[in-house]
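# Structure assessment
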Amino acid sequence: MKKALALLLALCLALVALSACAKGPEAPGEKTYRVAMICDSSISDGGWGAACYNGMVAAAEKRGWETAYTDSIDQSAYADTMISYCDLGYDLIFAPGNQYSDAVKQVAADYPDVCFAVLNGATSLPTENIMSMLPNADQIGSIAGIIAGLMSKSNVIGFIGGMELDTTKSKLAHFESAAQVINPAIKAVSAYAGSFNDTAKGMELAASMINEGADVFFGDASAVDSGARQAIDQANGDTVRIIDIGQPADLLGQNPCVACSVVTDNAAMLAICLEKCETGTFGNEVVFGSLENNCVYLGKFNDALIDADTQAKILDYVKQLQEGTFSK
Amino acid sequence: MQKTKVLNLLIPTLSVLLAFLIGMIIILCLGSNPFQAIGYLVKGAFGSATNFGNTVVRAMPLLFTGLCTCFAYRCGVFNLGGEGQFLSGAMAAITVSLLIGSEGWWVTILAMLAGTVMGGLWGLLPGLLKTWRGLNEMITTIMFNYVAALFMGYLYTTALREGSVPQTAPVPDMTKIGRVFPDLRITWGIAVALVLGVAVWYFLFNTSKGFQLRAVGFNQTASSYNGLSVKRYMLAAFVVSGAIAGLGGACDILGTQFRLISGYGGGYGFDGVAIALIAQLHPIATMIVAYFFAVLRVGSTTMQVGTGVPTSVIDIIQALVIIFAVAGSSMQYLPKFRAFMLNLFEKKEAVSE
Amino acid sequence: MNWIAVSDLLISAVRMATPLLFVALAELYSERAGLVNIGLDGLMSFGALVGFLACYWTGNPFLGVLCGALGGVLVNMIYAFCTVTLAGQQIVYGMAINIFAPALASFIYRVVFGVSSTLAQATLMKTVAIPGLKDIPFLGKLLFDQTPMVYAVYLLVVVTAVYFNRTKSGLNYKAVGEYPKAAETMGINVIRHKYFASVICGFLAGMGGAYLTTCYVNTYSDGIVAGRGFIALAAVIFGRWSGSGVLMACLLFGFFDALQLRLQIGTDLIPYQLFQMIPYVMTLIALTLFGSRIAGPKAKGKPYYREER
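First, a word on what this report is: a plain description of the structure on this page. The structure presented is a predicted model; accordingly, all values stated were derived computationally and were not measured.

### Side note on the interface of chain C and chain B
Taken together, the 44 residues of chain C in the interface contact 44 residues of chain B. Buried area between chain C and chain B, both sides added, is near 3900 Å², and the carbon and sulfur share of it is 81%. Summed over the shared surface of chain C and chain B, the result is zero salt bridges. For the pair chain C and chain B, the number of links is six residue pairs in polar contact (both at pLDDT 80 or more). When residues of the side of chain C that touches chain B are traced back to their parent elements, those giving at least two are α3 (61-85), α4 (90-113), α10 (228-238), α12 (272-276) and α13 (278-290) of chain C. Considering each element in turn, the side of chain C that touches chain B owes the most residues, 11 residues, to α4 of chain C. Within the side of chain C that touches chain B, the residues separate by chemical class into 31 nonpolar, 11 polar and two charged.

### Some thoughts on the interface of chain C and chain A
Listed by partner, the interface residues are 34 residues for chain C and 39 residues for chain A. Note on chain C versus chain A: buried area summed over both sides is about 2900 Å², and carbon and sulfur give 51% of it. Across the chain C-chain A interface, the total number found is five salt bridges. Measuring nitrogen to oxygen at the nearest pair gives 2.9 Å for the salt bridge that ties Arg-15 of chain C to Glu-204 of chain A. For the side of chain C that touches chain A, the elements supplying multiple residues, two or more each, are α1 (3-32), α4, α11 (243-264) and α12 of chain C. Looking at the side of chain C that touches chain A residue by residue, the class counts come to 13 nonpolar, 14 polar and seven charged.

### As for the sheet that holds strand β7 (residues 187-192) of chain A
Residue and element names in this part refer to chain A. Strand order in the open sheet made by the six strands is β7-β6-β8-β9-β10-β12, with mixed pairing throughout. Among the strands making up the open sheet, the edge pair consists of β7 and β12 (296-298). For this sheet the average axis-to-axis angle between neighbouring strands, irrespective of direction, equals 20°. Across three bridges, the pairing between strand β9 (residues 243-246) and strand β10 (residues 258-264) is parallel. Within β10, the position partnered with Ile-245 by the bridge is Cys-260. Contacting β6 (156-161), β8 (216-220), β9 and β10, helix α8 (residues 223-236) runs over the sheet at an angle of about 160° to β9.

Cut-offs and rules
Numbering of residues begins from 1 in every chain and follows the order in which that chain's sequence is written. To label them, take the chains in the order written and letter them from A, then take the ligands in the order written and number them from 1. The predicted origin of the model limits local features to residues at a pLDDT of at least 70 and limits the giving and counting of side-chain atom pairs to 80 or more, whereas totals for whole chains, interfaces and linings rest on all residues. Each side-chain value is derived from all of the structure's non-hydrogen atoms; neither hydrogens nor water enter the calculation. Throughout, a residue-residue contact means that at least one pair of heavy atoms, one from each residue, lies within 4.5 Å. Two parts placed together each lose some accessible area under a 1.4 Å probe, and adding up what both lose gives the buried area. Criterion for a salt bridge: a side-chain nitrogen of Lys or Arg within 4 Å of a carboxyl oxygen of Asp or Glu. Here a polar contact means two N or O atoms within 3.5 Å. Within protein one must be a hydrogen donor candidate and the other an acceptor candidate, and residues neighboring in sequence count only if both atoms are side-chain atoms. Numbering goes from the N terminus for both helices and strands, where a helix is a DSSP run of H or I of at least four residues and a strand is a run of E of at least two. As a working rule, the residues Ala, Val, Leu, Ile, Met, Phe, Trp, Tyr, Cys and Pro are called nonpolar, Asp, Glu, Lys and Arg charged, and the rest polar, with Gly in that last group. The pairing criterion for strands is at least two bridges between them, as found by DSSP. Axes here refer to lines fitted to C-alpha atoms; in helices the fit is confined to the stretch in contact. Angles between the N-to-C directions go from 0 to 180 degrees.

No statement about biological role is implied by the geometric values presented.
Set out below in structure tokens:
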């Protein structure tokens, strides 16, 4: 009996001892900055998670930073994960969503030397070591609305949201209002999937909106949108009558129905944060992403679906939007 | 008897080590150093006072849900509704603290009471269905978990939503449960949990009511022949275990989380079941195993961060730990295995003595 | 609501009920042998991934479904070994599968596809219309213009109903879930039946998962199962552990889900969570009304020790 216990104890000790030996010191040399991202969804979700991850990688490449990520984590692990990165000496933590704000505030207070960048964070969030990055949801919605206003023949346009986030709501509001500026007869149908990854639900929602007559779609629901695009493709068959406007990356070519995308350049916004972190000017600031600083822009047109004339009109309206002369 | 106790301790420990061994092999296959990974795990859990504090913070809700399961199972009530009861406690607590229009320690007490009562009520429902309609509580409690989780969704997206994002407003500062040490996130909620754990242990093993409750759990037929009202004891077990989980939810929302948000509380109830089973339904052991779970959670987060292996690998390892540990403890009830092990030890001891 | 919208609603209800039906039948076979398996979500996730991969690589959705089903069997063998041979807690292993299998699926997807801003797309199974029958107004499109998987699952419902009620083998099977000890004395091999049940359960649940990625949508993403396993669990109970009951329950839950999505469009007044509660609340109400008369197989959820005392 005692033997078994002794064996067990020895095994435990051996494990601890070996692990202690294995902890080597970090290689000395020139300081390489490191950024880490946390995410509650998967970074290979082909939507929000992927866009944010790719944004981080692009921004880090531009500035020569190393990257790391932790994805698909539970809400209860937000703080622990960030603390782990802080303890390991990461310089900046990238939290792509407002849902991380509470955890970021808690951790940031304990680690004043680490920078925290929150995408879609509130304007009231920034402190000494927290910055918000806020893409202009109004503009994103309006750009999609302009395209929809010019392209819709049925005068019904569809919008699928994931959750009722503030940014999603304002995208929807401006999507509809901008379309109505161009074509007052338009009405928008909208619904929330209550999820960012239930692809099947996106399909069902899009299918029933098509039945309501919708012929231009826009969405803010990550993987749910890919389900919607699939339903649109199915309804279209061989000739594309119903089109989709992609976001947040340039999705042209992913599905035949994608006519254009409204691109949010997370990388550009994050790069600003990284730079400020390097120069020690980080904090107390909101980085706005908009048409003005090229963090929000119109993706490439699908020439087969949008004729040159309409393309010119869209560009014209978007220019008006940027200059503030696009009336609402 | 002594041998059985050692076996009870030894087998789960060995199974967990075995699960880790597999986990380390997986990590090795992914090209990371498994010993370094374990090093990160230890460092993440005990590397600093903050890390240690986090393990305690993570353990608190698990203590409550573990004790909830422990209490119910002792009476033969397979309450899987710890999650729903935990959430309903949290919902009641935050509703009280937000809507009462005032803040202070007395609101904290009131909110904790509300959480306890609501948890108890959420336990009472499946209890009534069990005693009154004879329904299997394993199924009804799972259904009630879903109802509670969806209702929470309704609260934070619609009813108690605070402005822009789908979440409720935070608990007012004066209503929050205070920290034990100013620099660590540990709150007095952990003290509540520890006292509760000891109380459950005392009640179950040192009072006549507790003995009767366990008797009902051990053999219902014999108990009813001995004049015990089986239904009443079972109902009580439902309510008390629900109340324990509900109090846990209240302590968590008032001390750690402060607001309801998407994904809140997911998995605590199930962890509680696994914890109590691994601890062989002993309240004190339940608390120890709950702490071990928290160490595993916090440490493995650091392990993922340090080694850079995908999060899913960490989830796989954690699932393996549960699979092996519970397999280890359930194996002991296999008549064949039990006889084999006892036999083995007897021989060994005969040789060594 | 006009005629087309009603027909669209019903078609959508059938579409949404199909994966539920596969998985609910899986659970039915499992529970009839006394094994409550709440790891359906996990089995589905793994089936969905394996099915998607096979379909992506070979371009053959049928092969995808088959591989998905085998994937489900593989994972469910862990459950079977732990609950049957080791007599462990069924609920705990179900939940462990729910953590383990989706994590494994997510890991494999990451290894295969890496991180890209778009999801990989595979071929979708084509619908096969039954000539003649599909032209029946209204019903034609609803019943006879679906993928072969849909026909298969309805056939399976019939087979299940006949098997459990009309065949000796089916009665033996049921005995394992009701009175395992009595069954054993009658010469029925309880352990073997339980393993057999786990194979069927894994097969059908994996198929249900693969249906999502090969017949429904043409992509795999983490969380694609979205709790359908638990709704299927409710459907088995609501359907009183019978083939036809499960069919009705799945159609009903599918209908409410489809209705919920349609009611949302245009109005944002109804909180969708309240609709998502419907399957669970209805099951609870039905259970309350019918009481223990529909308590299901008597020995379900209990470990079985062959040599016991």
